[in-house]
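Structure assessment
Okay, here's what each chain looks like letter by letter:
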Amino acid sequence: MSRQDATGSPFREAVIDLGALTDNVRTLAARMAPAEIIAVVKADAYGHGAVAAARAALAGGATRLGVADLDEAHELRDAGIDAPVLAWLHGPDADFACAVRAGIELGISSRTQLERAAEAAASVAADGFDAPARVHLKIDTGLSRNGVPEAEWAEAVAVAAGLERDGLVEVVGVFSHFANTSREVDAAQLDAFERALAEARAAGLAPRIRHIASTEQALRDPSARYDAVRIGIGMYGLTPFGDGTTSTELGLTPVMTLRARVAAVRRVETGAGASYSHIWHAEQASTLALVPLGYADGVPRQASGNGAEALVAGRRRPVAGRIAMDQFIVDVGDDEVAVGDEVVLFGDPATGAPTADEWGAAAGTIGYEIVTRIGPRVPRRYVGGADAVEETSATEARS
């Protein structure tokens, strides 16, 4: 079990509200219908816990799951999740044969990967497992990361059509990814995607799942939804927009609450410095509360001195001084704060807490990074969903 102090309360924890996650997916699914929801649970579900998040998303109406690599996909299969899973980032030695056996769908970004998928299907067929490699062909519409370059697309879809006729692959989908640069760039990418779809049809392919939009574009542009949308950050209750639009305005509730308990309280006089480099000095006599979370836990050091706040004793208080590896200080002024009092770094703004997006702004980054980087020293506690007890027990077993 996870270790607690004598009061029975955790020293630090990330509380994951699975009910909020399910509700967020349900809200987004209603807005995106009839497009399917591909719930993205890569990177341990953006730090929320992949298995628990996947189950909660499926309960909310997601029909498919998306991950980055095959290890993440196999984690879901090993947990007994049998929904369609798509993995799209592969090393040169990725075990496609094992993926075919597990019914994992492969995002394909090159002719080489396509041929490897076919070879994997042939190899498992020789062992008596007669099933094609299920693939989604990715076209690079301008992000310049992975995906088949547009100049090579016609050849790739022709090869895919031949392999499909041979029974070695099944082209389930065609997909791409927006750069989220500007409306003009987005429109150009949509045009490129349409050209790619037309070439796929001309080659004889009939993919059932066409998808390009993540949360941001799915909310902004109904024409980008096609057959499915990949919902990531919105599922976790954070905003995908950098224009000040909040998750509350989108009807979403943050799923993760990062909290701790005050570890020490100290009264300091006017002029006293606090934490490394003394970038903060007390303008008047004040009380400082020590919070046992630091950059080793994912709290960004870059937020030091940039307006980051935490909720302590019912009020938002400023972070004082440099955030250290294991701890940081909050200035509570003349208010009464005691060792053991709760501190909430971020969570649901309806409770008065700062949001992960606000911490992202203070650190010069985005809310995605804040929740994803919360480290393994912080135990996850799951509440609000059918799997809450089971998942909490699994977390405690790892502690």
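Residues numbered from 1 in each chain as written. Predicted model: local features only at pLDDT ≥ 70, side-chain atom pairs only at ≥ 80, totals over all residues. Heavy atoms only, no water.

Here we look at the packing of aromatic side chains
Just so we agree on the cut-off: Think of it this way: a Phe, Tyr or Trp ring, Trp meaning its six-membered ring, pairs with another when their centres are within 6.5 Å, and the plane angle makes it stacked under 30 degrees, edge-to-face over 60, tilted otherwise.
Overall, the coordinates contain four aromatic pairs when judged by the stated rule. Cluster of aromatic residues (ring-pair linked, three or more members): Tyr 46, Tyr 236 and Tyr 368.

Examining the nonpolar core
Under the convention used in this document: Joining through side-chain atoms within 4.5 Å is the link that ties buried Ala, Val, Leu, Ile, Met, Phe, Trp, Tyr and Cys residues into a set, and such a set is a nonpolar core. We call a residue buried when its accessible area falls under 20% of the maximum for its residue type, exposed when it is over 50%, and partly exposed in between, using a 1.4 Å probe and counting protein chains only. Contacts are residue-level and defined by heavy atoms, with any inter-residue pair within 4.5 Å sufficient.
Counting 117 residues, the largest nonpolar core has Leu 76, Leu 137, Leu 345, Phe 346 and Trp 359 as its most contacted members. In contact with Phe 346, other than residues within four places in its own chain, are Met 256, Thr 257, Leu 258, Ala 353, Pro 354, Thr 355, Ala 356, Trp 359, Ile 370, Val 371 and Ile 374. Residues Ala 274, Leu 288, Ala 320 and Ile 329 belong to the second largest nonpolar core, which totals seven residues.

With respect to the pattern of salt bridges
To be explicit about the condition: What makes a salt bridge here is a side-chain nitrogen of Lys or Arg within 4 Å of a carboxyl oxygen of Asp or Glu, nothing more. Elements are defined by DSSP. Helices are runs of H or I of four residues or more, strands are runs of E of two residues or more, and each kind is numbered from the N terminus.
Tallying each qualifying case throughout the model produces 23 salt bridges. Of the charged contacts in the structure, one is a salt bridge between Asp 23 and Arg 26, with a shortest N-O distance of 3.0 Å. Placement of both Asp 23 and Arg 26 in helix 1 (residues 18–32) is noted, with a separation of three residues, approximately one turn of the helix. Classification of Asp 23 as partly exposed rests on a relative accessible area of 41%. Its relative accessible area of 44% is what places Arg 26 among the partly exposed residues.

Structural notes on the sheet that holds strand 11 (residues 264–268)
Across a sheet, strands are paired by hydrogen bonds formed along the backbone, either parallel or antiparallel in direction. Using the following cut-off: By the convention used here, strands pair only if DSSP detects at least 2 bridges between them. Helix axes are fitted to C-alpha atoms over the stretch in contact, other axes to C-alpha atoms as well, and angles between N-to-C directions run from 0 to 180 degrees.
The strand order across the open sheet built from nine strands is 11-14-17-16-15-18-10-1-19, with neighbouring strands paired in mixed fashion. Two strands lie at the open edges of the sheet, namely strand 11 and strand 19 (380–383), each paired on one side alone. Mean inter-strand twist for the sheet, computed between neighbouring axes without regard to direction, equals 35 degrees. When strand 1 (residues 12–17) meets strand 10 (residues 256–261), the two strands line up antiparallel, connected through five bridges. Counterpart to Arg 12 in the pairing with strand 10 is Ala 260. The strands that helix 10 (residues 356–363) touches are strand 15 (309–312), strand 16 (315–320) and strand 18 (342–346); relative to strand 18, the one it contacts most, it runs at about 70 degrees.

A word on unusual backbone geometry
In the segment running from Ala 33 into Pro 34, the intervening peptide bond is cis, with an omega of 10 degrees. Within the element layout of this structure, Pro 34 appears in the loop between helix 1 and strand 2 (36–40). Non-glycine residue Ala 45 carries a positive phi angle of around 55 degrees. Counting through the fold element by element, Ala 45 comes out in helix 2 (residues 42–46). Since its relative accessible area comes to 0%, Ala 45 is described here as buried. Located in the positive-phi region is His 278, a residue other than glycine, with phi close to 50 degrees.

What about the sheet that holds strand 8 (residues 209–211)?
The eight strands are arranged 8-7-6-5-4-3-2-9 in an open sheet whose pairing can be described as parallel. Bordering the open sheet on either side are strand 8 and strand 9 (228–231), each of which pairs with just one other strand. Strand-to-strand, the axes of this sheet are offset by a mean angle of 30 degrees, without reference to chain direction. Helix 1 contacts strand 2 and strand 9 of the sheet and is inclined by roughly 145 degrees relative to strand 2. Contacts from helix 4 (residues 70–78) reach strand 3 (64–67), strand 4 (85–87) and strand 5 (105–108) within the one sheet, and its direction differs from that of strand 4 by about 165 degrees.

Some details on the packing of helix 1 against helix 3 (residues 50–59)
Rule in force here: Roughly parallel here means an angle under 35 degrees, roughly antiparallel means over 145, roughly perpendicular means 65 to 115, and every remaining angle is called oblique. Two helices that cross are described as forming a left-handed crossing if the nearer one is turned anticlockwise from the farther one by less than a right angle, and a right-handed crossing if clockwise. Basically, the charged four are Asp, Glu, Lys and Arg, the nonpolar ten are Ala, Val, Leu, Ile, Met, Phe, Trp, Tyr, Cys and Pro, and anything else, Gly included, counts as polar.
Where helix 1 meets helix 3, the axes come as close as 7 Å, and the angle between the chain directions of the two elements is 45 degrees. With respect to helix 3, the axis of helix 1 lies oblique. Crossing handedness for the pair helix 1 and helix 3: right-handed. Packed against helix 1, whose contacting residues are Leu 18, Leu 21, Thr 22, Val 25 and Arg 26, the element helix 3 presents Ala 52, Ala 53, Ala 56, Ala 57 and Ala 59 at the interface. Split into classes, the residues belonging to the contact of helix 1 with helix 3 amount to eight nonpolar, one polar and one charged.

A word on helix 1
Rules: Helix span, expected: 1.5 Å multiplied by one less than the number of residues in the helix. Counting of polar contacts relies on pairs of N or O atoms within 3.5 Å, with two restrictions inside protein: one atom must be capable of donating a hydrogen and the other of accepting it, and residues adjacent in sequence are counted only when both atoms are side-chain atoms.
Taking 1.5 Å per residue, 15 residues should reach 21 Å; helix 1 reaches 21 Å between its end C-alpha atoms and fits that length. Taken residue by residue, helix 1 has Leu 18, Gly 19, Ala 20, Leu 21, Thr 22, Asn 24, Val 25, Leu 28, Ala 29 and Met 32 as its buried positions. A side-chain oxygen of the first residue of helix 1 lies 3.1 Å from the backbone nitrogen of Gly 19; this N-cap is Asp 17.

Looking at the pairing of strand 16
As paired strands, strand 15 and strand 16 are joined by four bridges and run antiparallel to one another. Pairing of Val 312 across the sheet is with Arg 315, part of strand 16. From the end of strand 15 to the start of strand 16, which pair antiparallel, there are two residues, and Ala 313 there has a positive phi angle of about 50 degrees.

Description of the environment of Ala 52
Examined against the element boundaries, Ala 52 turns out to sit in helix 3. Along the sequence, Ala 52 and His 281 sit 229 residues apart, while their C-alpha atoms lie 43 Å from each other.

A short note on the environment of Gly 103
You can see Gly 103 is positioned in the loop between helix 5 (96–101) and strand 5. Take Gly 103: its relative accessible area is 31%, and that puts it in the partly exposed class. In the structure, Gly 103 is positioned 30 residues away from Ala 133 in sequence and 8.1 Å away in space, judged by C-alpha atoms.

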